[in-house]
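What the coordinates show
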Amino acid sequence: MRIVLGVGGGIAAYKVASLLRLLTEAGHSVTVIPTEAATRFVGTATWEALSGNPVSNSVWDDVDRVNHVRLGQEADLIIIAPATADVLARAAAGLANDLLTGTLLMATCPVFLAPAMHTEMWRHAATQSNVATLRSRGVTVMDPASGRLTGADSGPGRLPEPEEILAAALGVYSAARARTGELAGRTVTITAGGTQEPLDPVRFLGNRSSGKQGIALARAALAAGAEVHLIAAHLEVPVPGNLQVTRVGTALELRSTVLAALPVSDVLIMVAAVADFRPADVMASKIKKSDDGADPVITLVRNPDILKESVELRRTAGGPAVIVGFAAETGDPDGDPLTHARAKLLRKGCDLLVLNDVGQGRVFGEDASAVVILGSDGSESAPLSGSKRNIADAVVARIAQALTG
Ligand code: CTP
């Protein structure tokens, strides 16, 4: 998500460097706009280095890019911390006398302010009236924390800790998206990662899925306002804290969790790399090398096709309005990846199939990918390439279209 992080001129600006770190580590693209006074506490170089984006506080820089208009229109969320008494007053009055307040006036996204100032300033009737005005316009103004302030004084006026600001600001954003996003009011079940099929207590058959695309989809669906249920097989990436997650190991566990979720899901996205086969017998104790040197023989049996079964169940018992499959194809003498994907879409009966070309080890574990989205109505998207997050956004947009179409 694109976040504008405004920084007011208060000593607590130093704490906002940690908030910026948390935001970028969570994968957000952050543009910092410090006020002129804020740069006396923490310099522009710090904000640029930590955000990876250029920093300005003047509408007279890069005039050709009309920064306050662009930043205000593009932002998904604006956070201002510390929101000083001066910033609160200028925001409440609708002034646009620097880049931050100009951007605020342009923005239509949720705005989250974390005030910090001396207790007397916070309690002053002027500040309280500005806070009330901003809140009446839908701006979220956090209450400051209580405790030690800059000098010897203490009381309400401290900037809350960066983790608290992050959680509260993202909560405000999610609540806004749950009302207005393309998937608002929809429940989306997403399977991600690779199943692991045990052979004995220490070994399993697995696959190279990292789970990155599934997590990116979960984030994109959340950002579109959906309630997301992630069914996670083995993942090599962390799960965002705000997701409802059910952990599974084997394809059979994945199957029973998916089937239980079908009646309450509007959308099912099967991104998990499900093992097609599992060992027929799981040994109760570790398989040992035999003394006669004989090679062990492992018999495999087929796992159920969960995607196909979900489509079939929908016919009789109802279920998600949109079911999405993923196909990792390499192409072979029988056909190119697209030919295989079209055949798979028909075979599985799902509504959308996202084709990944995985020839020569591409895609697995990487941050970027290239896909084509096929529809059961015969539609075929233009090839999409880019980060897994960009691809996830495109898949979510296509799902939203399928839900309304
Ligand atoms: N899938 C599934 N259950 C399985 C295998 C796959 O639900 N037992 C789902 C995957 O999550 C994915 C889609 O089916 O959304 C296609 O997976 P893929 O492995 O490409 O399909 P297969 O049917 O296994 O086809 P292939 O013979 O090409 O491996």
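Every value quoted in this text rests on a predicted model; they were computed, and no experiment measured them.

Here we come to the domain arrangement of the chain. Many authors give the size of an interface as the accessible area that is lost as the parts come together. As far as domains go, the chain holds domain 1 (2-179) and domain 2 (183-404). Taken over C-alpha atoms, the centre of domain 1 sits 40 Å from the centre of domain 2. The interface is formed by 5 residues belonging to domain 1 together with 7 residues belonging to domain 2. Summed over both sides, the interface between domain 1 and domain 2 buries roughly 410 Å², with carbon and sulfur atoms accounting for 41% of that surface. On the domain 1 side of the contact with domain 2, Ala26, Arg177 and Ala178 bury the most area, a combined 67% of that side's loss. Between the two partners, domain 1 and domain 2, sit 0 salt bridges. Applying the counting criterion to the domain 1 and domain 2 interface returns 2 residue pairs in polar contact (both at pLDDT 80 or more). Looking at the side of domain 1 that touches domain 2 residue by residue, the class counts come to 3 nonpolar, no polar and 2 charged.

Here the focus is a nonpolar patch on the surface. Taken together, the side chains of Leu205, Phe277, Ile298 and Leu300 present a nonpolar region at the surface, about 330 Å² in accessible area. Positionally, Leu300 belongs in strand E15 (residues 300-302). Take Leu300: its relative accessible area is 40%, and that puts it in the partly exposed class.

This paragraph deals with the pairing of strand E13 (residues 267-270). A regular strand carries its side chains on alternate faces of the sheet. In E13, alternate side chains face the same way, and those of Val267 and Ile269 on one face and Leu268 and Met270 on the other are all buried. Bridging between strand E8 (residues 187-192) and E13 involves 4 bridges; their strand directions are parallel. Of the residues in E13, the one forming a bridge with Thr191 is Met270. Pairing of E13 with strand E16 (residues 322-329) involves 4 bridges; the strand directions are parallel. Bridge pairing in E16 links Met270 to Gly325.

Mapped onto the elements, Asn67 comes out in helix H4 (residues 67-74). Within the structure, the side chain of Asn67 is placed 2.7 Å from the side chain of Arg70, a separation counted as a polar contact.

Turning to the environment of Leu307, a few remarks are in order. You can see Leu307 is positioned in helix H12 (residues 306-317). A sequence separation of 43 residues divides Leu307 from Cys350, and the C-alpha atoms of the two residues are 7.5 Å apart. Those residues within four positions of Leu307 in sequence are excluded, and the remaining contacts are Met270, Ile323, Val324, Gly325, Lys348 and Cys350.

On to the site of the ligand, then. In the vicinity of the ligand there are 14 residues, among which Met270, Ala272, Leu307, Lys344 and Lys348 approach most closely. In this structure, an oxygen atom belonging to the ligand sits 2.7 Å away from a main-chain N or O atom of Met270. Contact between the ligand and Lys348: an oxygen atom at 2.7 Å from a side-chain N or O atom of the residue. Its free accessible area being 570 Å², the ligand has 77% of it covered by the protein chains. More than half of the atoms of the ligand fall within 2 Å of the grid points belonging to the largest pocket. At the level of secondary structure, the elements contributing two or more residues to the shell around the ligand comprise H12, E16 and helix H13 (337-348). Here the shell around the ligand gets 4 residues from one element, more than from any other, and that element is E16. Considered class by class, the residues forming the shell around the ligand number 9 nonpolar, 1 polar and 4 charged.

Each value, and the rule that gives it
- Residues numbered from 1 in each chain as written.
- Predicted model: local features only at pLDDT ≥ 70, side-chain atom pairs only at ≥ 80, totals over all residues.
- Heavy atoms only, no water.
- Domains from an automatic or database assignment.
- Contact = heavy atoms within 4.5 Å.
- Buried area = accessible area lost by both parts, 1.4 Å probe.
- Salt bridge = Lys/Arg side-chain N within 4 Å of Asp/Glu carboxyl O.
- Polar contact = N/O pair within 3.5 Å; in protein donor to acceptor, adjacent residues only side chain to side chain.
- Nonpolar A, V, L, I, M, F, W, Y, C, P; charged D, E, K, R; others polar.
- Patch = residues over 30% accessible without salt bridge, like charges linked within 9 Å, V, L, I, M, F, W, Y side chains within 5 Å.
- Areas by Shrake-Rupley, 256 points an atom, 1.4 Å probe, with all protein chains shown as cover.
- Helix = DSSP H or I, 4+ residues; strand = E, 2+ residues; numbered from the N terminus.
- Buried < 20%, exposed > 50% of the residue type's maximum accessible area, 1.4 Å probe, protein only.
- Pairing = 2+ DSSP bridges.
- Near = heavy atom within 4 Å.
- 1 Å grid on protein atoms, 1.4 Å probe; cavity = no way out; pocket = protein on both sides within 12 Å on 5 of 7 lines; lining within 4 Å.
- Sits in = over half its atoms within 2 Å of the grid points.

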